[in-house]
Amino acid sequence: MERLWSRRASLGLGLGVGAAATLALAGCTSSAAWVNPDSAAVRDRERQRGGTGKTTAVTLTAASASLDLAGTTAQTFAYGAVPAPIIRLSAGDTLKATIRNQLPVETSVHWHGLALRNDMDGVPPLTQQPIAAGSSFDYEFIAPDPGTYWFHPHVGAQLDSGLYGALIVEDPNEPLAYDDEWVIVLDDWLDGVTATPDEVLAELSRGMGDMGGMDDMFMRMGNTLMGATSDLLGGDAGDVYYPHYLINGKPAADPAQFTGTPGSRVRIRLINAGGDTAFRFAVGGHRLTVTHTDGFPVEPVEVDSVLLGMGERYDLLVTLGDGAFPLVALAEGKRERAVAVVRTGVGNTPPQDAVLSELDTARVATAAILTAATDVALDTKTPDREVTLTLTGSMADYDWGINNKRFDPTQPLRDAHAVRAGERVRLRMVNETEMWHPFHLHGHTYQHSDGGPRKDTSIILPKQTLTVDFDADNPGQWAAHCHNIYHAETGMMTVIGYQT
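Thresholds, definitions, all that
Residues numbered from 1 in each chain as written. Predicted model: local features only at pLDDT ≥ 70, side-chain atom pairs only at ≥ 80, totals over all residues. Heavy atoms only, no water. Pairing = 2+ DSSP bridges. Helix = DSSP H or I, 4+ residues; strand = E, 2+ residues; numbered from the N terminus. Axes fitted to C-alpha atoms, helices over the stretch in contact; angles between N-to-C directions. Domains from an automatic or database assignment. Contact = heavy atoms within 4.5 Å. Buried area = accessible area lost by both parts, 1.4 Å probe. pLDDT = per-residue confidence, 0-100. Phe/Tyr/Trp six-rings, centres within 6.5 Å; stacked < 30°, edge-to-face > 60°. Buried < 20%, exposed > 50% of the residue type's maximum accessible area, 1.4 Å probe, protein only. Lys NZ or Arg CZ within 6 Å of the ring centre and 35° of its normal.

**A short note on the sheet that holds strand β19 (residues 296–303)**
- Sheet architecture is open: 6 strands sit in the order β14-β9-β16-β21-β18-β19, paired in mixed fashion. Two strands bound the open sheet, and with one partner strand each, they are β14 (244–247) and β19. Averaged over neighbouring strand pairs, the angle between their axes works out to 20 degrees when direction is ignored.
- Here strand β9 (residues 180–189) runs beside β14; their pairing, made up of 4 bridges, is antiparallel. In the sheet register, D187 faces β14, and the bridge partner there is L246.

Right under this line is the structure:
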């Protein structure tokens with residue numbers, strides 16, 4: 001607990017941490033080897049983006065809040081609502097977001113998936129100092145690429161509270177034709193019900209030890225799960241027990257409602273905001289056409305369901321039938337589900353446990369079956385540099401790391417991996433662990449090998465290697481980490497830094 005609390009304090013969640021955060025940030029800016037977040041190179045890159053000159057201004061107030069979960073009241077943190085109101089702007093527009101911190105602790109906002117300027121990325125102490133309790137901070141940046149993105153804190157385990165929302169960057173030359181759009185945010189929920197994220201982190205950090213042959217038993221132990229397994233995820237599906245699974249802040253007992261007309265074509269922007277849960281998403285009686293993942297277009301593929309790891313986004317098209325249909329996000333391997341209702345006509349409301357054949361078929365969309373659309377595919381080029389990130393650790397000791405090193409937020413550049421502007425970088429992510437990891441690279445969109453999709457967050461299965469390429473065209477210091485919040489918080493994080 002002493003080690004854990006020390007780590008939490010260094011991230012800005014304890015008392016009297018301002019000086020520590022300042023020292024850490026100062027350590028970044030004093031190095032001559034790295035392009036710093038406040039450097040001329042970062043400012044020059046933002047000027048090169050040009051932009052439309054239009055500004056969308058929003059204010060987000062992070063504060064304590066209550067969430068009604070079908071009669072259960074959960075005390076949590078939120079930006080006014082769960083999820084927060086959707087932020088919309090067009091590609092090339094500038095977002096000016098004022099964050100008012102009325103929490104009792106420090107916070108920040110990370111704009112997940114955007115190739116934005118480095119000093120606006122929201123990662124204390126790497127790119128900014130945390131936003132102190134009672135203070136505010138203005139994020140201002142050009143949103144360069146259209147797509148489905150989202151925002152959440154990058155301080156401690158705050159992501160596993162209600163502090164998140166969708167950020168939609170519209171394409172001014174939108175090629176898709178559709179009649180309606182639904183933004184759907186999936187989440188696993190425990191805050192204020194069974195525990196707080198901090199309590200879960202403390203429990204997990206003690207490790208699960210040698211379970212002595214209990215791996216095949218599905219059971220809850222405190223805030224952890226044993227035996228949650230998935231073939232799609234290569235084994236262990238997740239280890240945190242959640243009493244609720246939500247669609248747009250609503251549990252299955254009080255489901256979210258989506259309405260439309262028979263025959264209409266709907267674009268679904270689907271976001272997994274969970275902390276420890278992959279979701280398999282389907283709409284009963286309907287096929288789905290995948291058009292984008294992580295904001296970037298793919299060659300359209302028709303599927304029955306979609307698998308999303310934490311942090312991933314998929315855009316889908318669906319043509320609505322006539323009646324009432326279940327919309328389900330199965331908590332992969334955890335034997336529970338989030339449920340909503342699609343209604344286009346008369347019919348009984350589907351039961352919470354409605355059987356969906358779409359969830360049992362083999363046609364499940366993952367990155368492995370997708371191909372980048374021609375206009376966003378990277379040109380063929382020999383990499384100038386290769387960086388290997390080996391994912392290490394286990395549930396037994398909860399010693400998650402990269403290259404057998406656990407990230408130290410007081411020395412964020414200690415084990416940083418260097419690149420230079422203009423390079424084509426090949427990133428090899430080798431998963432040596434017994435568990436899957438949704439891995440996220442900040443500030444860039446890479447392409448999977450062999451013509452795969454452009455993404456910023458990808459599932460890496462146990463004992464597998466994922467190889468991706470990206471162009472080093474966004475100078476600064478960028479976090480790269482597992483998007484299981486509990487894995488990241490206990491060490492599975494590193495930095496990709498540009499050298500001067």
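This is not the end of the story, as more comes after the structure.
**Examining the sheet that holds strand β29 (residues 437–441)**
- Spatially, 5 strands are ordered β27-β35-β34-β29-β32 in an open sheet, and the strand pairing comes out mixed. Since the sheet does not close on itself, it has two edges, and those belong to β27 (417–419) and β32 (457–460), each with one partner. Each strand axis lies, on average, 25 degrees off the axis of its neighbour in the sheet, ignoring direction.
- Sheet analysis places strand β34 (residues 477–482) next to strand β35 (residues 493–498), joined by 5 bridges and oriented antiparallel. Among the inter-strand pairings, A479 is bridged to a residue of β35, identified as V495.

**Topic: the domain arrangement of the protein**
- Domain boundaries assigned for the protein yield domain 1 (40–174), domain 2 (181–372) and domain 3 (385–498).
- Taking only C-alpha atoms, the centre of domain 1 and the centre of domain 2 are 24 Å apart.
- Contact residues are listed per partner, giving 31 residues for domain 1 and 33 residues for domain 2.
- Surface buried jointly by domain 1 and domain 2 totals about 2400 Å² across both partners, of which 60% is contributed by carbon and sulfur atoms.
- Broken down residue by residue, the surface that domain 1 buries against domain 2 is led by L69, T148 and D160, which jointly contribute 27%.

**Concerning the confidence of the model for the protein**
- In the predicted model, the protein carries a mean pLDDT of 92, and the fraction of residues at 70 or more is 92%.
- Taken as a whole, residues 1–31 scores under 50 in pLDDT and shows 61 contacts with residues more than four places along the chain or in a different chain.

**Regarding the pairing of strand β23 (residues 336–343)**
- Inspection of the sheet shows strand β15 (residues 256–259) paired to β23 by 4 bridges, in the parallel sense. By the bridge assignment for β23, T259 is matched with R343.
- In terms of strand pairing, strand β22 (residues 324–331) meets β23 through 8 bridges, oriented antiparallel. Bridging across to β23, A329 finds its partner in A338.

**Focus on the packing of aromatic side chains**
- The full count for this structure, using the stated rule, is 9 aromatic pairs.
- Relative to F141, the ring of W111 has its centre 5.5 Å away and its plane inclined at 55 degrees; by these criteria the two rings are tilted. Remark: F141 occurs in strand β6 (residues 136–142) and W111 occurs in strand β5 (residues 110–112); sequence separation between them is 30 residues. The same class applies to W111 and to F141, which are both buried.
- Between Y245 and F279, the aromatic rings sit 6.0 Å apart at their centres with planes inclined by 80 degrees, giving edge-to-face as the arrangement. With Y245 in strand β14 and F279 in strand β17 (residues 279–283), this residue pair connects regions lying 34 residues apart in the sequence. For the residue pair Y245 and F279, the accessibility class agrees, reading buried in each case.
- The ring of F218 carries the charged tip of R335 above its face, separated from the ring centre by 4.1 Å.

**Section: the pairing of strand β1 (residues 55–69)**
- Bridge analysis of β1 against strand β4 (residues 94–101) gives 8 bridges, and the strand direction is parallel. The residue of β4 that forms the bridge with V58 is A97.
- When β1 meets strand β2 (residues 72–78), the two strands line up antiparallel, connected through 7 bridges. Looking at β2, one finds that S66 is bridged to Q75.
- Linking β1 to β2, which pair antiparallel, is a turn of 2 residues; within it A70 sits at a positive phi near 55 degrees.

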